[in-house]
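Analysis of the macromolecular model
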Amino acid sequence: MATVSETYIENRNRVQPNHANNYDAVHGGNVMKWMDEVGAMSAMRHAGESCLTASIDRMNFIRPVPVGDIVVIRAYVYDVGSTSLKVRLQAFAEDPRTGEREQTTESSFVYVAVDEENRPTSVPALDVESGRDEELRAAALEKEAE
């Protein structure tokens, strides 16, 4: 069994011109792809199995990320079912020179753990042991209730 904190993953992607739309900002589809990849890694870390995307909650794009900035993706598992895992995902624009961050995107994705034949397989319970685990889980559940 993993704890919420043990499923926490943070990844970075620099926004290149080939990621940009006509407004010199990252395409929302690229952000969604990056979020899905990091979310799957978080889900797999907990499940110990391959995980497939089952659903995506509303995707809120708060602000654009310009070419040259970094998109930071945060993901962690905050709830599990018998074969499914809920992952909170947040994206931030980060200035590569100063490290300053501003949230740009938020969502939660549901993944399903699968075996070697791509059939749903059970996942372990999620442990909430530390104060950080409790804070992360509470923040995700609060956002889910909105």
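Note that this is a predicted model, so its numbers are computed, not measured.

**What about the side chain of aspartate 69?**
Along the chain, aspartate 69 turns up in the loop between strand 3 (60–61) and strand 4 (70–80). The side chain of aspartate 69 sits in the buried core without any salt bridge; arginine 97 is the nearest counter-charge, 4.8 Å away. When residues no more than four places from it in sequence are discounted, the contact partners of aspartate 69 are Asn13, Arg14, Val15, Ala93, Glu94, Asp95 and Pro96.

**Details of helix 1 (residues 28–47)**
Counted at 1.5 Å a residue, the expected span for helix 1 with its 20 residues is 28 Å, and the 28 Å between its end C-alpha atoms agrees. For helix 1, the set of buried residues is Asn30, Val31, Trp34, Met35, Val38, Gly39, Ala40, Ser42, Ala43, His46 and Ala47. On its buried face, helix 1 is in contact with strand 1 (9–14), strand 2 (50–56), strand 3, strand 4, strand 5 (84–94) and strand 6 (101–114). At the C-terminal side of helix 1, glycine 48 shows a positive phi close to 70°.

**Some remarks on the nonpolar core**
Counting residues in hydrophobic clusters, the biggest one holds 32 residues, and the most contacted among them are Met35, Ile73, Leu85, Leu89 and Tyr111. Breaking this core down by element, the ones donating at least two residues are helix 1, strand 4, strand 5, strand 6 and helix 2 (131–145). The greatest single-element share of this core, amounting to seven residues, is contributed by helix 1. Setting aside chain neighbours within four positions, we find methionine 35 in contact with Met59, Ile73, Leu89, Gln90, Ala91, Thr105, Glu106, Ser107, Phe109 and Tyr111.

**Quick look at the packing of aromatic side chains**
On inspection of all chains with the given rule, the structure shows two aromatic pairs. Look at tyrosine 8 and tyrosine 76: their rings are 6.4 Å apart centre to centre, the planes differ by 20°, and that puts the pair in the stacked class. Taken together, the residues tyrosine 8 in the segment before strand 1 and tyrosine 76 in strand 4 connect sequence positions 68 residues apart. Residue classification places tyrosine 8 among the partly exposed positions, given a relative accessible area of 21%. When the ring centre of tyrosine 8 is taken as reference, the NZ or CZ atom of arginine 132 above it lies at 4.5 Å.

**With respect to the UniProt feature "domain: HotDog ACOT-type" (unreviewed entry) in the protein**
Here, UniProt's "domain: HotDog ACOT-type" (unreviewed entry) annotation points to residues 5–117. Helix makes up 18% of residues 5–117 and strand 45%, with an end-to-end C-alpha separation of 29 Å.

Analysis parameters
Residues numbered from 1 in each chain as written. Predicted model: local features only at pLDDT ≥ 70, side-chain atom pairs only at ≥ 80, totals over all residues. Heavy atoms only, no water. Helix = DSSP H or I, 4+ residues; strand = E, 2+ residues; numbered from the N terminus. Buried < 20%, exposed > 50% of the residue type's maximum accessible area, 1.4 Å probe, protein only. Lys, Arg positive; Asp, Glu negative; His and termini not counted. Salt bridge = Lys/Arg side-chain N within 4 Å of Asp/Glu carboxyl O. Contact = heavy atoms within 4.5 Å. Expected span 1.5 Å × (residues − 1). Core = buried A, V, L, I, M, F, W, Y, C linked by side-chain atoms within 4.5 Å. Phe/Tyr/Trp six-rings, centres within 6.5 Å; stacked < 30°, edge-to-face > 60°. Lys NZ or Arg CZ within 6 Å of the ring centre and 35° of its normal. UniProt positions renumbered as here; feature names shortened; annotations may be inferred.

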